Structures are given as C-alpha cells and as structure tokens.
Amino acid sequence: MTTEGHLLFSVASLIMAHKLEITTELAQGDWLHMVPGVLLGALLPDIDHPSSIPGRLLRILSIPISKLCGHRGFTHSLIAWLLLMIACYQWLPSQWAIPNDLLQAFLLGYISHLIADILTPSGVPFLWPLPLRFCLPLLRSKSNKRAERFVAIALTVCACLLPAGYNFDLHSQFDSVIKYIHNQIDTYIPT
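Conventions and cut-offs
- Residues numbered from 1 in each chain as written.
- Predicted model: local features only at pLDDT ≥ 70, side-chain atom pairs only at ≥ 80, totals over all residues.
- Heavy atoms only, no water.
- Helix = DSSP H or I, 4+ residues; strand = E, 2+ residues; numbered from the N terminus.
- Expected span 1.5 Å × (residues − 1).
- Buried < 20%, exposed > 50% of the residue type's maximum accessible area, 1.4 Å probe, protein only.
- Arc of directions from axis to C-beta.
- Contact = heavy atoms within 4.5 Å.
- Salt bridge = Lys/Arg side-chain N within 4 Å of Asp/Glu carboxyl O.
- Core = buried A, V, L, I, M, F, W, Y, C linked by side-chain atoms within 4.5 Å.
- Phe/Tyr/Trp six-rings, centres within 6.5 Å; stacked < 30°, edge-to-face > 60°.
- Polar contact = N/O pair within 3.5 Å; in protein donor to acceptor, adjacent residues only side chain to side chain.

## So, helix α6 (residues 78-91)
- Spanning 14 residues, α6 covers 19 Å between terminal C-alpha atoms, matching the ideal 20 Å at 1.5 Å per step.
- Those residues of α6 not exposed but buried are Ala80, Trp81, Leu84 and Cys88. End-on, the buried residues of α6 take up no more than an arc of 100°, which puts them together on one face. Facing away from the buried side of α6 by more than 90 degrees, the exposed set consists of Gln90 and Trp91.
- Summarising the contacts, the buried residues of α6 are in contact with α7 (100-118).

## Re the pattern of salt bridges
- Under the counting rule described, the total for this entry stands at two salt bridges.
- Notably, a salt bridge pairs Arg149 with Glu4, separated by 2.6 Å at the nearest N-O pair. Of this pair, Arg149 sits in helix α8 (residues 145-161) while Glu4 sits in helix α1 (residues 3-20); the two residues are 145 residues apart in sequence, bridging distant segments of the chain.
- By relative accessible area, which is 34% here, Arg149 ends up partly exposed.
- A residue is classified by how much of its surface remains accessible, and Glu4, at 29% relative accessible area, is partly exposed.
- Notably, a salt bridge pairs Asp117 with Arg72, separated by 3.0 Å at the nearest N-O pair. Linking Asp117 in helix α7 with Arg72 in the loop between α5 (59-69) and α6, this pair joins segments that are 45 residues apart in sequence. Here Asp117 and Arg72 have matching classes, each one buried.

## Some remarks on the nonpolar core
- Judged by nonpolar contacts, the single largest core of 20 residues is most densely connected at Leu14, Leu26 and Leu108.
- Listing elements by their share of this core, those giving two or more residues are α1, α3 (31-43), α6 and α7.
- It is α7 that provides the largest number of residues to this core, a total of nine residues.
- In contact with Leu108, other than residues within four places in its own chain, are Ser13, Leu14, Ala17, Leu26 and Val38.
- Counting seven residues, the second largest nonpolar core, distinct from the first, contains Met1, Ala116, Leu139 and Val151.

## Quick notes on the packing of aromatic side chains
- All told, the structure shown has two aromatic pairs when counted by the stated rule.
- For the ring pair Phe74 and Trp128, a centre distance of 5.0 Å and an interplane angle of 70° mean the geometry is edge-to-face. Of the two residues, Phe74 is situated in the loop between α5 and α6 and Trp128 in the loop between α7 and α8; the sequence distance between them amounts to 54 residues.

## Focus: the side chain of Thr2
- Checked against the element boundaries, Thr2 lands in the segment before α1.
- At a separation of 3.1 Å, a polar atom in the side chain of Thr2 contacts the main-chain amide nitrogen of Gly5.
- A polar side-chain atom of Thr2 sits 2.5 Å from a polar atom in the side chain of Glu148.

This is how it looks when you write it as structure tokens:
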C-alpha cells in the first residue's frame, strides 16, 4: 500500500473510531490532536523501509531495523504495536504533556497501517516472530492507488453514515464471538 493509501485509510479509521465511540478520548477528542496523531501513527510501521518517509527521517533507526527484520517484519506485528502502546503509557516522561487523545489516535493510526497492509497480497506477520502472514488481498496490485482510495473513501462514507453515538459494545461483541467459537468446538469435538 502506498503512503497516500495509508494516510487516507488512517483518517477513515479515525472517523469510524470517533463515530463508534471506541474510547472516550477518540469520541470526544480534539481533532487538532487526533488527525496529526493518526497520520504519524499510520506512517511509523514503515520505519523498517529506509526509503519510506519515516525511514528517510530516522535513517539511524531505519537501516538497522531493515537489516534485522526486513520490510513488513517486526514493525508490522502485534508485538510492535503492544510495545508502542506500553511505551506511550508507561515510558514517556510525565513532564511531557502529551494529550491522551493524541496518543490514542497515534496508536489507532499504527494499527490502521497494519490492517491496511493485510488488504494486500503480501499481508503482514501479525503474530511475528511466527512466519504466518495474515492477508485478505482486496488490493491486488502494489500500486493501485484508485483501489486504495476507493477502500478509504468507502470506509469514510460508512463511518459518516453511522448515527452519532452508535452503541458499539465491544465487550458484548467479543463475548458473542467467544461463545460462538465455543459452541462450534462443542459441536465438532464432542467431549
């Protein structure tokens, strides 16, 4: 996916998260904090590619990461996102008055990058260091900007059409999925 595609997808994800009120900060946050946060987060996973925007800006980090893990390696995994989340909430000095809505938008941008790359044929090693790559190749070509724009615009339109304050109870949704899996296991593997 191109840089433009990641940026568009991240803003669409932010609008969706805002409408679904995923967190209080994303539902009520300041757009002047959240938009730059989500854009920065959407670019960061490509630090593992020295010719990417973050790779060119932070060559001192990009080159070693690229040599150790390659492109779409560690930085495109759930472990990297979890470490980044811990870093944002535990390791940042308390003197740095970084707004919580900016941090959450930044983390949302990062995960939106991974989800967007899952839509490509190469996929991502979401469970790195396991070699399993997750992909749902809706975007067949590596440089099909029209398809990337279409996906981002479709997501934005869907987000904008959601009614304000749409009740999205993540806990009950997760609970329903767990119950469904449990029932399927009981059906096919009798005890």
